[in-house]
Amino acid sequence: MKWTFFHKLGSPRWFYDIAGRHYAWLMMLSVVLLCIGTIWGLVFAPEDYQQGNSFRIIYLHVPTAILAQSCYMMMATAALTGLVWKMKIADMFIAAAAPLGAAFTFLALFTGAVWGKPTWGTWWVWDARLTAMLVLLFLYLGVMALRSAIEYSDMREKSTAILVLVGVINIPIIKYSVEWWNTLHQPATFTLTEKPAMPPEMWVPLLVMVIGSYLFFTSLVFQGVRNEILQREARKSWVKKLLATEGSTSD
Amino acid sequence: MTDHRANQVNDKPLLPVLTTIFKHELMTAFQNRQQLVNPLIFFVLVLLLFPLGVDPSPQFLSAAAPGLIWVAVLLSSMLSLGTLFKDDLQDGSLEQWLVCGQPLYFLVLFKTIVHWLYTGLPIVLFSPLLALMLHFPMDNYSVLVLSLLLGSPVIALLGGIGAALTVSLRSGGILVSLLILPLTIPVLIFGTGMVLASIDGVPFMGQLALLASLFFLALTLCPLASAAALKMSVLNS
Amino acid sequence: MSTLQTFFEMGGHGLYIWLCYGVGGIIFLLLGVSPMLARRRVIKQVKQLHRRLALASAIPSDVNEKE
């Protein structure tokens, strides 16, 4: 009985409905949270005693960095599910998530680099976290490049899944090696986000931003998967019916 | 021709299959000798660019030599690995591997190692000569060669995954590098780290151990991914 | 007015903060809008496909090879 949910999840039609019911409120809630978090972080949160106001970049840097990493984990979970249970929808998740992950990774890198200017005095420092982030960006770009090189087929799904899994096994190794390399080449001064103990006035808005970003991401993935479903199930009768009725009302 | 070979190896233990692959590999490799030399030429060419493009002074070169040699090894391996399984797919060998009743894992592992023997190993053996030209400190040649001996098979095994994933695609070349180069970063870091430590006179056993663990990890895990990708490519093509 | 100005200056770090939040805002906006645009494109494509399929099925079956 418990597993009916799981099998339903494999059904694109079921997911199309469920995602359709939830993406809108998720998006609205995320926009509200992101606005609250941004204003709170920029206006009301206190200044950092060491970094001054430049510390406020944290409210953008940390959520995007967390999301960039957990997005890859989500893709890896989807890849494993796709390979083991042959779920078609798993690949659609990867298809929807990869560009988002790349975008968030880029944003985390960008904010990190800009934050580095007032903190370290240069736009780019070969800091362990930033470098690992850069490698992560290339992993995302690799997944996207592989997908675009193969035409839509069973093979593309499996190739992507294998590549994502290879990547996820490598991520901890890469992280460890980059951290090791960093201690070798430059004695750790102080990392951007490492703080002894953040007072609640500082971390509560950060939490709001993180939750908001997660909801934002979820809503985007839902919409992306819905689009993928429409595309791939285009010849199915339920899609025909759906579009025939929808065509008269909205689009 | 290939059918004949398949009949020969069918229902036999693993070893004869491996020797068949070995013979086939070496035969095709030595039939096309130019292809054998190409990665080596590329390797030397890349290293020629740095004194010309950056700085020919011994101070710079000797400081940069470990990194330069390692990067050149990485790039030239990528070049030769891109088409690792392409011929096997085209001449039907891959299909024979699938039906010969032996685990694809071992065949892929073996094929990659043999390929490394005639592409990676020559580069490793050639590296001391280039090290000499780059004013690399004399006492550390053995460490450099050891690091490359452990590291370049890892690169080959990782590259095998990329080659397997792109085997049936027309646009293989640059895609393989794009997929695999990020994954080779740990090898590069520990490999050059080991050489640099040895130059500085610091114990390098830690890096050696890490490099060795990467080697065994790649040896056990990479063929799994390559085999899965190859199987899928053959079944879907 | 001056309080607003000091707010935007952010103690000399204004450039960095507003650069980050500006680029961040643009990217979030693009990400937020793109699935809706993609949906429109996909629906258009799929409808075109359906029209083609309908036309194809209207052709007598001995001419039409596909199902």
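This text gives an overview of the structure that appears in the document.

How each quantity is defined
Residues numbered from 1 in each chain as written. Chains lettered and ligands numbered in written order. Predicted model: local features only at pLDDT ≥ 70, side-chain atom pairs only at ≥ 80, totals over all residues. Heavy atoms only, no water. Contact = heavy atoms within 4.5 Å. Core = buried A, V, L, I, M, F, W, Y, C linked by side-chain atoms within 4.5 Å. Buried < 20%, exposed > 50% of the residue type's maximum accessible area, 1.4 Å probe, protein only. Helix = DSSP H or I, 4+ residues; strand = E, 2+ residues; numbered from the N terminus. Axes fitted to C-alpha atoms, helices over the stretch in contact; angles between N-to-C directions. Parallel < 35°, antiparallel > 145°, perpendicular 65-115°, else oblique. Left-handed = near helix turned anticlockwise from the far one by under 90°. Nonpolar A, V, L, I, M, F, W, Y, C, P; charged D, E, K, R; others polar. Buried area = accessible area lost by both parts, 1.4 Å probe. Salt bridge = Lys/Arg side-chain N within 4 Å of Asp/Glu carboxyl O. Polar contact = N/O pair within 3.5 Å; in protein donor to acceptor, adjacent residues only side chain to side chain. Expected span 1.5 Å × (residues − 1). Phe/Tyr/Trp six-rings, centres within 6.5 Å; stacked < 30°, edge-to-face > 60°. Lys NZ or Arg CZ within 6 Å of the ring centre and 35° of its normal.

### Side note on the arrangement of the chains
Thinking step 1. Ranking by contact count across two pairs of chains in contact places chains A and C at the top.
Thinking step 2. At the level of C-alpha atoms, the two units chain B and chain C stay apart, their nearest approach being 22 Å.

### Examining the nonpolar core
Thinking step 1. Formed by 173 residues in total, the largest nonpolar core has its most connected members in A:Tyr59, A:Tyr72, A:Met75, A:Phe104, A:Val225, B:Ile69 and B:Phe85.
Thinking step 2. Top element by residues in this core is helix H4 (residues 88-120) of chain A. It accounts for 17 residues.
Thinking step 3. When neighbours within four sequence positions are excluded, A:Val225 is seen to be in contact with A:Phe15, A:Ile89, A:Met92, A:Phe93 and A:Ala96.

### Looking at the environment of B:Ala229
Thinking step 1. With respect to the element layout, B:Ala229 can be found in helix H11 (residues 205-236).
Thinking step 2. Given a relative accessible area of 0%, B:Ala229 falls into the buried group.
Thinking step 3. Here the alpha-carbon distance between B:Ala229 and B:Ser77, two residues 152 residues apart in the chain, equals 20 Å.
Thinking step 4. Not counting residues within four places of it along the chain, the set of residues in contact with B:Ala229 comprises A:Ile162, B:Ala164 and B:Leu165.

### Details of the packing of helix H3 (residues 58-85) of chain A against H4(A)
All names here are of chain A.
Thinking step 1. Running from amino to carboxyl end, H3 crosses H4 at an angle of 155°, the nearest separation of the two axes being 8 Å. By the criterion of interaxial angle, the relationship of H3 to H4 is roughly antiparallel. Handedness of the H3/H4 crossing: left-handed.
Thinking step 2. By residue class, the composition of the contact of H3 with H4 is 19 nonpolar, seven polar and no charged.

### Here we look at the interface of chain A and chain C
Thinking step 1. Facing 41 residues of chain A, the contacting portion of chain C comprises 29 residues.
Thinking step 2. Interface of chain A and chain C: buried area, both sides summed, is about 3200 Å²; carbon and sulfur atoms make up 76% of it.
Thinking step 3. A per-residue breakdown of the area chain A buries against chain C is headed by A:Leu42, A:Asn227 and A:Leu243, which together make up 17% of the total.
Thinking step 4. Mapped by element, the contributors of at least two residues to the side of chain A that touches chain C are helix H2 (12-44), H3, H4, helix H7 (200-232) and helix H8 (237-249) of chain A.
Thinking step 5. Residue contributions to the side of chain A that touches chain C peak at 10 residues, all from H4(A).

### Some points on the interface of chain B and chain A
Thinking step 1. If you look at the interface, chain B gives 28 residues, while chain A gives 26 residues.
Thinking step 2. Taken over both partners, the interface formed by chain B and chain A buries close to 2200 Å², and the fraction arising from carbon and sulfur atoms is 86%.
Thinking step 3. Contact with chain A buries area across many residues of chain B, yet B:Leu165, B:Leu183 and B:Met232 alone supply 23% of it, more than any other trio.
Thinking step 4. There are zero salt bridges connecting chain B and chain A.
Thinking step 5. Inspection of the region where chain B meets chain A yields zero residue pairs in polar contact (both at pLDDT 80 or more).

### Digging into the pattern of salt bridges
Residue and element names in this part refer to chain B.
Thinking step 1. One pass over the full model with this rule turns up 10 salt bridges over all chains.
Thinking step 2. A salt bridge links lysine 111 to glutamate 25; the nearest nitrogen and oxygen atoms lie 2.5 Å apart. Of the two residues, lysine 111 sits in helix H7 (residues 104-133) while glutamate 25 sits in helix H2 (residues 14-31), which places them 86 residues apart along the sequence. With respect to class, lysine 111 is no different from glutamate 25; both count as buried.

### A closer look at helix H8 (residues 141-165) of chain B
Thinking step 1. Here H8(B) spans 36 Å end to end across 25 residues, near enough to the 36 Å set by a 1.5 Å rise per residue.
Thinking step 2. Of all 25 residues in H8(B), 22 are buried, a share of seventy percent or more.

### Details of the packing of aromatic side chains
Residues and elements named next belong to chain A.
Thinking step 1. Applying the stated criterion across every chain yields a total of 17 aromatic pairs over all chains.
Thinking step 2. Centre to centre, the rings of tyrosine 16 and tryptophan 238 are 5.5 Å apart; their planes meet at 65°, and the pair counts as edge-to-face. Here tyrosine 16, found in helix H2, pairs with tryptophan 238, found in helix H8; they are 222 residues apart in sequence, far enough to count as distant.
Thinking step 3. By relative accessible area, tryptophan 238 is classed as buried at 11%.
Thinking step 4. The ring of tyrosine 16 carries the charged tip of arginine 226 above its face, separated from the ring centre by 4.2 Å.

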